[in-house]
Amino acid sequence: MPSTIVRFGVSLERELLEKLDNYAAKNHYTNRSQAIRQLINNNVVATKWKNDSLVAGSITIVYDHHRRELSTKLTTVQHDYHDIILSSQHIHLEKSLCMEIIAAKGKASVLNELASRIIAIKGIHHGKLTMTKAD
Ligand code: NI
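Treat the numbers as computed from the prediction; the structure is a model and nothing was measured.

**Thoughts on the pattern of salt bridges**
Going through the model one piece at a time under the given rule, you end up with three salt bridges. Between Glu 69 and Arg 67 there is a salt bridge; the shortest N-O distance is 4.0 Å. The class of Glu 69 is partly exposed, set by a relative accessible area of 44%.

**A closer look at helix α1 (residues 14-26)**
When the terminal C-alpha atoms of α1 are compared, their 18 Å separation across 13 residues agrees well with the 18 Å that a helix rising 1.5 Å per residue should span. His 28, located one to two residues past α1, shows a positive phi value of around 60°.

**Structural notes on the coordination of the nickel ion**
Bound to the nickel ion are the protein donor atoms His 90 (NE2), His 92 (ND1) and Cys 98 (SG), situated 2.1 to 2.4 Å from the metal. When the donors of the nickel ion are listed by position in the chain, the intervening gaps give H-x1-H-x5-C. Judged by relative accessible area, which is 1%, Cys 98 ranks as buried.

**Topic: the pairing of strand β2 (residues 85-92)**
Here seven bridges tie β2 to strand β3 (residues 97-107), and the two strands are oriented antiparallel to one another. When the bridges of β3 are listed, Ser 88 appears paired with Ile 102. Here β2 hands over to β3 after four residues, the two strands then running antiparallel side by side.

**Re the sheet that holds β3**
Pairing is antiparallel across the open sheet formed by four strands, whose spatial order is β2-β3-β1-β4. In this open sheet, the two strands that pair with only one neighbour each are β2 and β4 (124-133). Each strand axis lies, on average, 15° off the axis of its neighbour in the sheet, ignoring direction. The strands touched by helix α3 (residues 68-80) within the sheet are β1 (54-64), β2, β3 and β4, with β1 carrying the most contacts at an inclination of about 170°. On top of the sheet, helix α4 (residues 108-119) reaches β1, β2, β3 and β4; it is set at about 170° to β4, its chief contact.

**Side note on the domain arrangement of the protein chain**
What the domain assignment lists for the protein chain is domain 1 (14-50) and domain 2 (54-133). Taken over C-alpha atoms, the centre of domain 1 sits 30 Å from the centre of domain 2.

Definitions and cut-offs
Residues numbered from 1 in each chain as written. Predicted model: local features only at pLDDT ≥ 70, side-chain atom pairs only at ≥ 80, totals over all residues. Heavy atoms only, no water. Salt bridge = Lys/Arg side-chain N within 4 Å of Asp/Glu carboxyl O. Buried < 20%, exposed > 50% of the residue type's maximum accessible area, 1.4 Å probe, protein only. Helix = DSSP H or I, 4+ residues; strand = E, 2+ residues; numbered from the N terminus. Expected span 1.5 Å × (residues − 1). Donors = N, O, S within 2.8 Å, 3.2 Å for Na, K, Ca; no water. Pairing = 2+ DSSP bridges. Axes fitted to C-alpha atoms, helices over the stretch in contact; angles between N-to-C directions. Contact = heavy atoms within 4.5 Å. Domains from an automatic or database assignment.

Below, the structure is given as structure tokens:
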């Protein structure tokens, strides 16, 4: 069901308003309402992570596939978290460089824990977790 739109007035310092307009322009928002809406949503997402609500996320890692013990560890960790991992994709980036994207859905704290365990595996060159709200 669509939410009711409520209009309200906002008083801002001129400098802050300029910052809002810059933010809107940079993100290609068509108006200030859209920019404010997005800022509020981002903040709510950040709070939800802290509150340990349901999130969807992806962990992207880059590593050298010649390290066989790394692949074994990577598989073991992913099996430990099979209940939150939705899928994983393996991309052969270069002759010996691999990229893996692991999609997961669950509590933010568990996704953080999974990402930390994966990124901590010896031989992982880069690793990054991104999350967004999933409810
Ligand atoms: Ni590969």
